[in-house]
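# Close look at the chain arrangement
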Amino acid sequence: MEISKDKITKYVSAFKTKKIMVIGDVMIDSYKFGDTNRISPEAPVQVVLINNEKNKLGGAANVALNINSLGAEAILCSVIGNDYNSNIFKILLKEKDLIDEGIISDNERTTTIKTRIFSRGQQLLRIDEEIENNLSNNIENKLFEKIWEIIKNKKIDLIIFEDYDKGVLSENFISKIIKLAKKNEILTTVDPKIKNFHSYKGVDLFKPNFGEFCNGMNEKKISVESNNFKAITKKFLTENLIKNLLITLSENGIYITNKNLDYKFPAVLRNIVDVSGAGDTVISIASLLLTLDIPIDEIAYIANIAGGIVCEKIGVEAITDKELLENFKDKNLNE
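What you see is a predicted model, and the numbers here were worked out from it, not measured in a lab.

Of regular secondary structure, the protein possesses 10 helices and 13 strands. Computed over C-alpha atoms, the radius of gyration of the protein comes to 20 Å, within 12% of the 20 Å expected from 2.2 N^0.38 for 335 residues, which places it in the range of a compact globule. Every one of the 335 residues in the protein was classed for burial, and the buried ones make up 55%. Accessible surface computed for the protein: about 15800 Å², of which carbon and sulfur atoms make up 47%. For the protein, the distance from the average position of its 45 positive side-chain charges to the average position of its 48 negative side-chain charges is 2 Å.

Below, the structure written as structure tokens:
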């Protein structure tokens, strides 16, 4: 497939008119860099002398950041704690020009932060601070009311469910939001995890990675080229009333299917540095393109390229509209 630069420019220009609501688990991705020159006298572990650190928006917040970076307006809806890390999170939102009108603080929860320790270019350790329990009924109702209030006041084009199994999205809550979206003619897409894998009945686009799809379907990893794999994807679509299924295949590219057709695109050859956040970029660009009502093979093709772009960056990073456009200058990228 070959997509012209003029067509991509037209699509990106159209993004500027779109309002995308992102609902799900937010977090802080924290990176600490230091030197290791000795072993601790307290235990047989390395001592890391931290000399640099960086905090970034993660989870659903990184999806919202991708949406904004591509020129659209993101409305982020989630729940954080009322703790020290919640202040860091709000500062990061402000720095990235993301509004916090859809963010609710809960005294009973912890603001999720994933801290990665690096030395000499290698990750030594990751520390997770989080609560994975579902929201209380009271907080879940408050979040639903906030979402409904935003929908009444803004013309939302699409809702992205960004599920990291951290408790913001429960089966009942997901069902209520999908019904609300359909009532208001709002498209829905989802980047799922295993707990709620079969809870997104009726969404317009469902985007797991290959491992998540196999786990969700309780299947061993099989060849994407096999008839059995195609039969499983069609069964999933039918049973869950899902219009389009997009599966990222890591180094093997991307696969998209609906009841009528199937497409698979190989990965574009790149200098892969870090795959963190690639899925966030894929769901962001695919969701924006879905609002333009373009063919699904074009959606998969462009999302495949976009996901590869962020893999050339260190850590969780968003793609920009400029970067996307630049990658369609070189005809060699268009197979």
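Okay, back to it.
Here Ile 113 shows up in strand 6 (residues 113–119). Ile 113 gets classed as buried once you look at its relative accessible area, which sits at 6%. Separated by 118 residues in the primary sequence, Ile 113 and Ala 231 place their C-alpha atoms 39 Å from one another. Sequence-distant contacts of Ile 113, defined by excluding residues within four places in its chain, comprise Ile 28, Ser 30, Asn 85, Ile 127, Asp 128 and Glu 129.

Time to look at the sheet that holds strand 8 (residues 158–162). Strand order in the open sheet made by the 9 strands is 5-4-1-8-9-10-11-12-13, with mixed pairing throughout. The two strands at the open ends of the sheet, each matched to only one other strand, are strand 5 (102–106) and strand 13 (262–265). Bridge count between strand 1 (residues 19–24) and strand 8: 5 bridges; the pairing is parallel. The partner of Met 21 across the bridge, within strand 8, is Ile 159. Of the strands in this sheet, strand 4 (73–81) and strand 5 are in contact with helix 3 (residues 84–95), which crosses strand 4 at around 175°.

The rules we used
- Residues numbered from 1 in each chain as written.
- Predicted model: local features only at pLDDT ≥ 70, side-chain atom pairs only at ≥ 80, totals over all residues.
- Heavy atoms only, no water.
- Helix = DSSP H or I, 4+ residues; strand = E, 2+ residues; numbered from the N terminus.
- Rg over C-alpha atoms; globule rule 2.2 N^0.38 Å.
- Buried < 20%, exposed > 50% of the residue type's maximum accessible area, 1.4 Å probe, protein only.
- Areas by Shrake-Rupley, 256 points an atom, 1.4 Å probe, with all protein chains shown as cover.
- Lys, Arg positive; Asp, Glu negative; His and termini not counted.
- Charge placed at Lys NZ, Arg CZ, Asp CG, Glu CD.
- Contact = heavy atoms within 4.5 Å.
- Pairing = 2+ DSSP bridges.
- Axes fitted to C-alpha atoms, helices over the stretch in contact; angles between N-to-C directions.

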